[in-house]
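Understanding the architecture of this molecule
Letter by letter, the chains look like this.
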Amino acid sequence: MDINVMRSILTVAGLVCFLGICFWAYSKSAKEGFDEAAQLPFTDDDLPARKDPGQQRKEG
């Protein structure tokens, strides 16, 4: 088996993986999880806000 044949097989395998990931990312079954993940920065945290942002909280 020639090195160029191996390179061709690897290129085709990479293309198939890429297309599979694209199909999964745009499928309707993944939409709910992506919508939930998109809202994570806006969810309410239970941690109280610090009054002084420069003050480091000491743990221990």
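Everything discussed here concerns the structure shown above.
A quick note: this is a predicted structure, and the numbers were derived from the prediction, not measured. (Residues numbered from 1 in each chain as written. Predicted model: local features only at pLDDT ≥ 70, side-chain atom pairs only at ≥ 80, totals over all residues. Heavy atoms only, no water.)

1. Focus on the overall build of the protein chain
When helices and strands are tallied, the protein chain shows 2 helices and 0 strands. Across the 60 residues in the protein chain, those meeting the buried criterion constitute 3%. Here the protein chain has roughly 6300 Å² of accessible surface; of this, 62% comes from carbon and sulfur atoms. (Helix = DSSP H or I, 4+ residues; strand = E, 2+ residues; numbered from the N terminus. Buried < 20%, exposed > 50% of the residue type's maximum accessible area, 1.4 Å probe, protein only. Areas by Shrake-Rupley, 256 points an atom, 1.4 Å probe, with all protein chains shown as cover.)

2. Regarding the packing of aromatic side chains
All told, the structure shown has 1 aromatic pair when counted by the stated rule. Geometrically, the ring pair formed by Trp 24 and Phe 34 is edge-to-face, given 5.5 Å between the ring centres and 75° between the ring planes. With Trp 24 in helix H1 (residues 3-25) and Phe 34 in helix H2 (residues 28-38), this pair connects stretches of sequence that are 10 residues apart. With a relative accessible area of 38%, Phe 34 lands in the partly exposed category. (Phe/Tyr/Trp six-rings, centres within 6.5 Å; stacked < 30°, edge-to-face > 60°.)

3. A short note on the pattern of salt bridges
Tallied over the entire structure, the rule returns 1 salt bridge. Note that Asp 35 is salt-bridged to Lys 31, the shortest N-O span being 3.0 Å. Within this pair, Asp 35 and its partner Lys 31 are both found in helix H2, separated by 4 residues, close to a single helical turn. (Salt bridge = Lys/Arg side-chain N within 4 Å of Asp/Glu carboxyl O.)

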